[in-house]
Amino acid sequence: MMTLDVTTPERAAMYNGNRLKIGLFGANCSSGRAVTMVPERWSGSWADNLKLARMADDAGLDFLLPIARWKGYGGDTDYQGATLETLTWASGLLASTSRITVFGTVHAPLFNPVIAAKEIVTADHIGGGRFGLNLVVGWNEGEFEMFGVEQREHDARYDFAQEWLDAVKQAWSEPGDFDFDGRFLQLKGVRAYPKPYGAKSYCAKSDGAKPDGETRPIIMNAGSSDIGQAFALRNCDAFFVATAGSRMSLEGNASKVAEIKRAARDFGREIEVYTVGQVICRPSQQEAEDYYRHAIIENADWGAIDGMLANKSITPQTIPPDEYAAKRRYFATNAIGGYPFVGTPDRVADELDCISKAGVRGIALSFVNYLDELPYFCDEVLPRLVWLGARVKH
Ligand SMILES: Cc1cc2nc3c(=O)[nH]c(=O)nc-3n(C[C@H](O)[C@H](O)[C@H](O)COP(=O)(O)O)c2cc1C
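Since the structure is predicted, the reported quantities are computational estimates derived from the model, not experimental observations.

Criteria and thresholds
Residues numbered from 1 in each chain as written. Predicted model: local features only at pLDDT ≥ 70, side-chain atom pairs only at ≥ 80, totals over all residues. Heavy atoms only, no water. Helix = DSSP H or I, 4+ residues; strand = E, 2+ residues; numbered from the N terminus. Buried < 20%, exposed > 50% of the residue type's maximum accessible area, 1.4 Å probe, protein only. Contact = heavy atoms within 4.5 Å. Areas by Shrake-Rupley, 256 points an atom, 1.4 Å probe, with all protein chains shown as cover. Lys, Arg positive; Asp, Glu negative; His and termini not counted. Charge placed at Lys NZ, Arg CZ, Asp CG, Glu CD. Axes fitted to C-alpha atoms, helices over the stretch in contact; angles between N-to-C directions. Parallel < 35°, antiparallel > 145°, perpendicular 65-115°, else oblique. Left-handed = near helix turned anticlockwise from the far one by under 90°. Nonpolar A, V, L, I, M, F, W, Y, C, P; charged D, E, K, R; others polar. Core = buried A, V, L, I, M, F, W, Y, C linked by side-chain atoms within 4.5 Å. Salt bridge = Lys/Arg side-chain N within 4 Å of Asp/Glu carboxyl O. Phe/Tyr/Trp six-rings, centres within 6.5 Å; stacked < 30°, edge-to-face > 60°. Lys NZ or Arg CZ within 6 Å of the ring centre and 35° of its normal.

Right, let's talk about the overall build of the protein chain for a bit. Across its full length, the protein chain holds 12 helices and 11 strands. A principal-axis box enclosing the C-alpha atoms of the protein chain has dimensions of 60 × 50 × 40 Å. In the protein chain, which comprises 394 residues, the share counted as buried stands at 55%. By sequence separation, contacts in the protein chain at least 24 residues apart represent 74% of the contacts at least 6 residues apart. Entry remark: accessible area of the protein chain is about 16,400 Å², with carbon and sulfur atoms responsible for 52%. Taking the average place of the 42 positive charges on the side chains of the protein chain and the average place of its 51 negative ones, the gap between the two points comes to 4 Å.

The following block contains the structure:
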């Protein structure tokens, strides 16, 4: 059996000279990552996604990360009620851009691994090696019922995902047919061509092609449990952490990054640490803070936030009222969008530089309205990050 544990540095924007990679997170979903009722909230439409991807590509951003979400969270806006499926979304965007990496997010229990392996390779060929895989095991119980698929108990989800990924990697690398006889998956006579972009067996020109099995898409995961983290460290190139706690403490972040990298080395692997955040950047601090309060707190879709908390069995019936109120507020302001970068271009750039100096390799950002707000971020924050040495000039 061939194993495949490398992604090639030259294949994607994720390996460029930017010390801090910057991506956009959640644009394939209605409302994106802001649980807000403001009328300018994100549409999530294909037309807007396409414009956004081209804008990000032109501006030199590094990646686009979608969310695989199958059911909205309710509330007045049915937060994330309309979502573009991520592999097809990524394929369309890869065909329409030229340098940015585009991730697709796959729920291992919902996708047949041989079909997924081929869909991923197809997207990878469309993008000339720019596809990235976010492998997830499932977060929200209610979503699985509609597929007629029973969600496994938490840790078994990762056992299944391991086998699933082993089968996918084998399909990406194995010359000829193979059988896969696992605990969960029994696959007979698997044949999968082409191999990922840049592999020799399917290159019209063999110049620069790699032997089969020596190139594959970048893989990420964001498991937060011990077993989820161990899965990421064993299998992935990029590990996303969502915690906001000590985001602005250089030492706190640096030691967290060092700890994750050390743990990966125990598995004999190198891993890069990424995180997520939301940006509200305006010419003055006051303007930024006023809009943040207006969009994220005063006009929060509290019904949707209550729905998310209920998913985690957090309700006014299960915890005391003041604790519930604090949880709701924390969810609205931090947990959903990630750490809020709110302020002037100087402040946002300084805060991003701080996480970069701590060793965080990249961040997936969201905006209330990505298309309206990204130009200002690109014009004002990106040059400051170049000046600070966190990014190279595009
Ligand atoms: C940046 C990021 C992206 C994620 N994307 C998805 C997603 O698209 N779909 C999904 O079901 N879960 C997604 N998750 C959830 C994680 O894969 C994971 O299930 C969650 O953090 C809980 O960790 P655990 O599975 O180890 O308990 C994401 C988490 C983060 C932080």
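Following the structure, the description resumes.
On to the side chain of Q151, then. By secondary structure assignment, the location of Q151 is in the loop between α4 (141–145) and α5 (154–173). Classification of Q151 by relative accessible area gives buried; the value is 17%.

With that settled, consider the packing of helix α8 (residues 285–298) against helix α10 (residues 321–335). One can describe the packing of α8 onto α10 by two numbers: an axis separation of 10 Å at closest approach and a directional angle of 125°. With respect to each other, α8 and α10 are oriented oblique. With respect to the hand of their crossing, α8 and α10 are arranged in right-handed fashion. Mapping the contact onto sequence places Y292, I296 and I297 in α8 and R329, A332 and T333 in α10. The class makeup of the residues in the contact of α8 with α10 is 4 nonpolar, 1 polar and 1 charged.

Here we come to the nonpolar core. It is characteristic of soluble globular proteins that their nonpolar side chains tend to be buried jointly. Of all hydrophobic cores here, the largest spans 78 residues; its most connected members are I22, L64, L133, W164, L352, L374 and F377. The element that contributes the greatest number of residues to this core is α5, accounting for 9 residues. Other than its neighbours up to four places away in sequence, L374 contacts L24, L52, M55, A56, L61 and F367.

A separate point is the environment of S284. Structurally, S284 is set in the loop between β9 (272–281) and α8. Considered as a pair, S284 and L374 are 90 residues apart in the sequence and their alpha carbons are 17 Å apart.

Our next topic: the pattern of salt bridges. Taken as a whole and judged by the stated rule, the model has 18 salt bridges. Here R216 makes a salt bridge to D237, at a shortest N to O gap of 2.9 Å. A residue pair is termed long-range when its members are at least 10 positions apart, and R216 in the loop between β6 (186–190) and β7 (218–221) and D237 in the loop between α6 (226–235) and β8 (238–241) qualify at 21 residues. Each member of the pair R216 and D237 is classed as buried. Across the pair D346 and R384 runs a salt bridge, and its minimum N-O distance is 2.6 Å. Linking D346 in helix α11 (residues 345–357) with R384 in helix α12 (residues 370–387), this pair joins segments that are 38 residues apart in sequence. Linked by salt bridges that have partners in common, R19, D353 and K357 make up one network.

Turning to the packing of aromatic side chains, a few remarks are in order. Counted under the stated rule, the structure contains 12 aromatic pairs. An angle of 65° between the planes, with centres 4.9 Å apart, marks the rings of W42 and Y370 as edge-to-face. Of this pair, W42 sits in the loop between β1 (21–25) and α1 (46–59) while Y370 sits in helix α12, and the two are 328 residues apart along the sequence. What makes Y370 buried here is its relative accessible area of 0%. With a centroid separation of 5.6 Å and 75° between ring planes, the pair formed by F367 and F377 is classed as edge-to-face. Pair noted here: F367 is in the loop between β11 (362–366) and α12 and F377 is in helix α12, with a separation of 10 residues, a long-range link. Each member of the pair F367 and F377 is classed as buried. In textbook terms, an aromatic cluster arises when at least three aromatic residues are bridged by ring pairs, as seen for W42, F367, Y370 and F377. Over the ring of Y193 we find K195; its NZ or CZ atom is 4.4 Å from the centre of that ring. Cation over ring: R282 sits above Y291, and NZ or CZ is 4.7 Å from the ring centre.

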